[in-house]
Amino acid sequence: MRLILNVIWLVLCGLWMALGYIVAGVICCILIVTIPFGLASFRIAAYALWPFGRTVVDRRDAGAASTIGNVIWFIFAGLWLAIGHVLTGVALCITIIGIPLGVANFKMIPVSLMPLGKEIVEIP
């Protein structure tokens, strides 16, 4: 079932959401100071391509630097990416088939707002 949902996700919105994260990651990697934001963006892009069967957990070793970085991320990129998730999720929830995809899109909003100090893990 995960495979079917992931393939439908990839076709309907996963590719576009991942491209948004990749663009944000490339922009962040252009400047040396924002490379950690770019790496976080690339991790989320991989999650946006194939989200079913994975979840986001907090990293135990995340500290104050992650919190400060998340505030900066929220202002410059997180808010806009989260708006993209909300709009895509609402559009997907219009159809019966799209409801699980819309829910998955809403599930990605917290990590798009605050990506630092998070880890994407496989669900057993």
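Residues numbered from 1 in each chain as written. Predicted model: local features only at pLDDT ≥ 70, side-chain atom pairs only at ≥ 80, totals over all residues. Heavy atoms only, no water.

### Structural notes on the overall build of the protein chain
Of the regular secondary structure elements, the protein chain holds 5 helices and 2 strands. Its helices and strands taken in sequence order, the protein chain reads α-α-β-α-α-α-β from the N to the C terminus. For the protein chain, whose C-alpha radius of gyration is 14 Å, the value lies close to the compact-globule estimate of 14 Å for 124 residues. Seen through its C-alpha atoms, the protein chain measures out along the principal axes to roughly 45 × 30 × 20 Å. Expressed as a percentage of the 124 residues in the protein chain, the buried residues total 38%. Restricting to contacts in the protein chain with at least 6 residues of sequence separation, those with at least 24 account for 74%. For the protein chain, the exposed surface amounts to about 7200 Å²; the carbon and sulfur share of it is 79%. Separation between the mean location of the 7 positive side-chain charges and that of the 4 negative ones in the protein chain comes to 4 Å. (Helix = DSSP H or I, 4+ residues; strand = E, 2+ residues; numbered from the N terminus. Rg over C-alpha atoms; globule rule 2.2 N^0.38 Å. Buried < 20%, exposed > 50% of the residue type's maximum accessible area, 1.4 Å probe, protein only. Contact = heavy atoms within 4.5 Å. Areas by Shrake-Rupley, 256 points an atom, 1.4 Å probe, with all protein chains shown as cover. Lys, Arg positive; Asp, Glu negative; His and termini not counted. Charge placed at Lys NZ, Arg CZ, Asp CG, Glu CD.)

### Here's the deal with the UniProt feature "domain: Inner membrane component" (unreviewed entry) in the protein chain
Mapped onto the present numbering, the UniProt feature "domain: Inner membrane component" (unreviewed entry) falls at residues 4–54 and 68–118. Helix makes up 82% of residues 4–54 and strand 2%, with an end-to-end C-alpha separation of 15 Å. (UniProt positions renumbered as here; feature names shortened; annotations may be inferred.)

### Some details on the pattern of salt bridges
In the structure shown here, the tally under the stated rule is 3 salt bridges. One salt bridge connects D58 with K118, and the closest N-O pair in it is separated by 2.5 Å. With D58 in strand β1 (residues 54–58) and K118 in strand β2 (residues 118–122), this residue pair connects regions lying 60 residues apart in the sequence. In this structure K118 comes out as partly exposed when scored by relative accessible area, which is 22%. (Salt bridge = Lys/Arg side-chain N within 4 Å of Asp/Glu carboxyl O.)

### Topic: the UniProt feature "transmembrane region" (unreviewed entry) in the protein chain
With numbering matched to this structure, UniProt assigns "transmembrane region" (unreviewed entry) to residues 30–50, 62–83 and 89–106. For residues 62–83, the end-to-end C-alpha separation is 26 Å, with 91% helix and 0% strand making up the annotated structure.

### Some points on the packing of aromatic side chains
Per the counting criterion, the structure on display carries 2 aromatic pairs. A centroid spacing of 6.2 Å and a plane angle of 85 degrees characterise the contact between W9 and F52, whose relative ring orientation is edge-to-face. Placement of W9 in helix α1 (residues 2–30) and of F52 in the loop between α2 (35–49) and β1 is noted, with a sequence separation of 43 residues between them. As far as the burial class goes, W9 and F52 line up, both buried. (Phe/Tyr/Trp six-rings, centres within 6.5 Å; stacked < 30°, edge-to-face > 60°.)

### Details of α2
With 15 residues, α2 extends 21 Å from end C-alpha to end C-alpha; this agrees with the ideal 21 Å at 1.5 Å per step. Among the residues of α2, those classed as buried are F37, G38, A40, S41, I44, A45, Y47 and A48. Taken together, the buried residues of α2 touch α1, β1, α3 (64–92), α4 (99–107), α5 (109–113) and β2. (Expected span 1.5 Å × (residues − 1).)

### Concerning the nonpolar core
Counting 23 residues, the largest nonpolar core has W9, Y21, A48, F52, W73 and M108 as the members making the most contacts within it. Put simply, the parts of the chain that give this core at least two residues each are α1, α2, α3 and α4. In terms of residue count, α1 provides more of this core than any other element does, 7 residues in total. Not counting the four nearest positions on each side in its chain, A48 is found in contact with W9, G14, M17, A18, Y21 and M108. (Core = buried A, V, L, I, M, F, W, Y, C linked by side-chain atoms within 4.5 Å.)

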